[in-house]
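# Fold and contact review
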Amino acid sequence: MTTQQLWMGGRWEDSAGENVGEVVNPAGLATVATVQLANPADMDRAVGLARESFEQGEWRETSAAARAAVLRDAAGLIEKRLPELARTLTSELGCPLWFSERAHVPNPVRHLRYYADLVEQRDFDEVRTDGTNTSIVVEEPVGVVGAITPWNGPLSSPTIKVAPALAAGCSVVVKPATQTPLTVMALGEALAEAGLPAGVLSILPAGRDAGEALIAHPEVDKLAFTGSTQVGKHIMRTAADRVARVTLELGGKSAAIVLPGADVEAMAAALIPMAFSVNGQLCISQSRVLVPRSMESEVTDALAAAVQALVVGDPMAPETFIGPLVSRAQQETVKGYIDVARTEGATVAVGGSAPDELGEGFWVQPTLLTGVTNAMRVAREEIFGPVMSVITYDDLDDAVRIANDSPYGLSGSVWGGDVAEGVAVARRVRTGMVSVNGAPQSWGTPFGGFKQSGVGREMGPEGLLGYLEKKSIAVPTGSHPA
Ligand code: NAD
């Protein structure tokens, strides 16, 4: 087995250090790969290459159409590798293969194409006049970007940063999580093959020491982070020292509000994937289900049957819905929360333990907790595993109050027959995204959170704006065509 090198400025290169990580398949615990992990000196070198490429300007100053062509070609190259990449992704993350094939690999391809189209059509200059004075409002790339990503979206989380950043003309250093450092490298390879100039993009899997070197680096103009709220706060504090720009996509504790009159069977069928996909390791997981007190037993029965029916097992098998969690640490965290729920007086209606019949692996049964109150830790803290909590409410105001009674504000959903009523409730929920009756979010709309779920937005035109600075150039009125 060869040890994966670092992707340094557009080519494979050995680390200056000796750190090596092991990627373990969470189902079966075989070693999938060994990888070099960057040290602070590697990070400094990658940032130096990014800065040099940005100042030299080959990428930054090329036309938006030419940048778009590179992104599009890279998308095609990744698409060609879909079957292989999906298998690797499932081996590093543990989510079902069908989900890697339908979402984890195709979505990054779509991100690249989306931002190619967007910048090609965009006018980066706008002339504004107040009748007396005139300015050209110019959009320019923000500079060198440090992108730090979590393990639960091994290819999509880096691409949702790299695609708009490159489309804007930035140079980027990506630091993916050490648990899932394999598929992300395809992004570097594809972009290099598509013609991205040397130095513009580096991808350096690394632990905390090199991560710290990246976030504190004076040559990094913008930090784009997806991960826990705790680390996000640390990054924001570090960035504040030099007023570096930040986009933060952080944790969530989203509420699904079931309205009186909802079709309970249809709701249960549609809500389960929104809570349990990627084994519940999903920032937008609908982990709190708010139910009218009068409907508690009906909704609980429907959800219990649906959770019970989820197939747990080999993530490579087509019938599997729940694979193992990514790591032993994550498994222990989730099991710990189920114990906390019991201690706090909740009932484990379904699941609640690690199945032993599946052999070695970081398994946790999909779990439904009932009798949960919004004051319990399982309702307040992000579990990031296959655990759903049912909480009752008295009336609509109470439902909205409970939904909003959270430090987080990422996502949510409203379930009821009448779409207009659903939208009216959605407007009262203080989160960045809300689904009515399970409708998926349209591509090209902003993704991100209120409150401690983040700052800024990814996806859509908003995702591009995070990589642009605005400059006003005042010109003598009449000298520039309006
Ligand atoms: P994490 O915060 O532990 O780690 C995220 C990344 O930050 C990893 O690459 C990690 O190595 C790095 N990191 C950790 N400490 C660092 C430091 N001091 N300096 C620099 N880098 C550092 O999160 P995780 O466990 O990998 O991912 C799960 C979390 O991500 C959950 O909270 C989840 O909600 C969140 N998430 C949010 C979104 C979103 O879009 N809002 C999407 C996916 C995941």
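The residue numbering used here restarts from 1 in each chain and proceeds along that chain's sequence as written. Where local features are concerned, this predicted model is filtered to residues with pLDDT of at least 70; where side-chain atom pairs are given and counted, the filter is 80 or more; whole-chain, interface and lining totals use all residues. In computing side-chain values, all of the structure's heavy atoms are included and hydrogens and water are not.

By the naming in an unreviewed UniProt entry, the protein chain goes by Aldehyde dehydrogenase and is assigned to Nocardioides nanhaiensis.

What follows concerns the overall build of the protein chain. For the purposes of this entry, the term helix denotes a DSSP run of H or I that reaches at least four residues, the term strand denotes a run of E that reaches at least two, and both are numbered from the N terminus. Across its full length, the protein chain holds 16 helices and 23 strands. Restricting the calculation to C-alpha atoms gives the radius of gyration, and the globule rule supplies 2.2 Å times the number of residues raised to the power 0.38. Taken over C-alpha atoms, the radius of gyration comes to 23 Å for the protein chain, in line with the 23 Å a tight globule of 482 residues would show. Here the protein chain, with 482 residues, has 58% of them falling under the buried criterion. By sequence separation, contacts in the protein chain at least 24 residues apart represent 73% of the contacts at least 6 residues apart. When the accessible area of the protein chain is evaluated, it comes to approximately 18800 Å², of which 51% is carbon and sulfur surface. Think of it this way: Lys and Arg go in the positive column, Asp and Glu in the negative one, and His and the chain ends go nowhere. Where a charge lies is defined by one atom per residue type, namely NZ (Lys), CZ (Arg), CG (Asp) and CD (Glu). Where the 38 positive side-chain charges of the protein chain centre and where its 56 negative ones centre are 4 Å apart. Buried residues are those whose accessible area, probed at 1.4 Å on protein chains only, stays under 20% of the maximum for their type, while exposed residues exceed 50% and partly exposed ones sit between those limits. Note on contacts: a residue pair qualifies if any of its non-hydrogen atoms lie within 4.5 Å across the two residues. Each accessible area is a Shrake-Rupley result for a 1.4 Å probe, and residues are judged covered by the shown protein chains and nothing else.

Moving on: the site of the ligand. Near the ligand you find 26 residues, and of these T149, E212, S228, L250 and E382 are the closest. N or O atoms closer than or at 3.5 Å make up a polar contact, with two conditions inside protein: a donor-capable atom paired with an acceptor-capable one, and, for residues adjacent in sequence, both atoms drawn from side chains. The separation between an oxygen atom of the ligand and a polar side-chain atom of E382 is 2.5 Å. Protein coverage of the free-state accessible area of the ligand, which is 850 Å², stands at 87%. Taken together, the elements giving at least two residues each to the shell around the ligand come down to α8 (208-215), β11 (222-226) and α9 (229-240). Tallying contributions element by element places α8 first for the shell around the ligand, with 4 residues. Distances are taken per atom, and a residue is near a molecule or strand as soon as one of its heavy atoms is within 4 Å of it.

Judged by nonpolar contacts, the single largest core of 96 residues is most densely connected at L191 and L303. Both of domain 1 (2-250 + 453-473) and domain 2 (254-436) provide at least three residues apiece to this core. Not counting residues within four places of it along the chain, the set of residues in contact with L191 comprises V70, L71, A74, V162, L166, L196 and L201. We define the nonpolar core as a collection of buried residues of types Ala, Val, Leu, Ile, Met, Phe, Trp, Tyr and Cys that are connected through side-chain atoms lying within 4.5 Å of one another. An automatic or database domain assignment supplies the start and end points of every domain.

Right, let's get into the sheet that holds strand β17 (residues 387-393). Pairing between the strands of a sheet is mediated by backbone hydrogen bonds and can be parallel or antiparallel. Ordered in space as β15-β16-β17-β14-β13-β19-β20, the 7 strands form an open sheet in which the pairing is mixed. On the outer flanks of this sheet lie β15 (347-350) and β20 (435-436), each paired with one strand and no other. Paired strands, as defined in this entry, are two strands with at least two bridges between them according to DSSP. Sheet topology note: the strand β19 (residues 412-415)/β20 ladder contains 2 bridges and is parallel. Within the sheet, the bridge partner assigned to S413 lies in β20 and is S435.

Before going further, it helps to examine the environment of D14. As for its position among the elements, D14 is in the loop between β3 (11-13) and β4 (20-24). Classification of D14 by relative accessible area gives partly exposed; the value is 48%. Along the sequence, D14 and T320 sit 306 residues apart, while their C-alpha atoms lie 38 Å from each other. Excluding its chain neighbours within four sequence positions, the residues that come into contact with D14 are Q5 and Q36. For D14, the side chain forms a polar contact with the side chain of Q5, separated by 3.0 Å.

UniProt positions are given in the numbering used here, feature names are shortened, and annotations may be inferred rather than shown by experiment. UniProt records the feature "domain: Aldehyde dehydrogenase" (unreviewed entry) for residues 12-473 in the present numbering. Helix makes up 40% of residues 12-473 and strand 20%. Its end C-alpha atoms lie 41 Å apart.

The subject of this paragraph is the pairing of strand β6 (residues 125-129). For β6 and strand β7 (residues 134-141), the ladder comprises 5 bridges, and the chain directions are antiparallel. Note that in β7 the partner of E126 across the bridge is V137. Here β6 folds back onto β7, and the loop between the two strands holds 4 residues, one of which, G131, carries a positive phi near 100 degrees.

So, about the side chain of S157. When you line up the elements, S157 lands in helix α6 (residues 156-168). Residues contacting S157, with those up to four places away along its chain left out, are T149, P150 and T226.

Together, D263, E265, E298 and D301 line one region of the surface with negative charge. Residue D301 is classed as exposed on the basis of its relative accessible area, which comes to 54%. A patch consists of residues exposed above 30% relative accessible area that lack any salt bridge, with like charges linked at up to 9 Å and nonpolar side chains (Val, Leu, Ile, Met, Phe, Trp, Tyr) linked at up to 5 Å. By definition here, a salt bridge exists when the distance from a side-chain nitrogen of Lys or Arg to a carboxyl oxygen of Asp or Glu is within 4 Å.

Once that is clear, we can look at the environment of S171. By the secondary structure assignment, S171 is in strand β9 (residues 171-175). For S171, a relative accessible area of 1% puts it in the buried group. Separated by 28 residues in sequence, S171 and G199 place their C-alpha atoms 7.8 Å apart. Apart from the residues within four sequence positions on either side, S171 is in contact with A50, S53, F54, G143, V144, V145 and V200.

On to the side chain of T149, then. For T149, the location among the structural elements is in the loop between β8 (144-148) and α6. The class of T149 is buried, set by a relative accessible area of 5%. For T149, the contacting residues outside a window of four places in its chain are S157, P158, K161, V174, K175, P176, A177 and T226.

Okay, the packing of helix α10 (residues 264-276) against helix α11 (residues 296-308) next. The axes used here are C-alpha line fits, helices contributing only the stretch in contact, and every angle between their N-to-C directions lies in the interval 0 to 180 degrees. Two numbers describe how α10 lies on α11: the axes approach to 9 Å, and their chain directions differ by 50 degrees. Judged by the inter-axis angle, α10 sits oblique to α11. Of the two elements, α10 crosses α11, and the hand of that crossing is right-handed. Between α10 and α11, the contacting residues are V264, E265, M267, A268, L271, I272 and F276 on the first element and E298, V299, A302, L303, A306 and V307 on the second. Angular relationships are summarised with four words: roughly parallel below 35 degrees, roughly antiparallel beyond 145, roughly perpendicular across 65 to 115, and oblique for the angles in between. Definitions for this section: a left-handed crossing has its near helix turned counterclockwise from the far helix by less than a right angle. A right-handed crossing has that turn clockwise.

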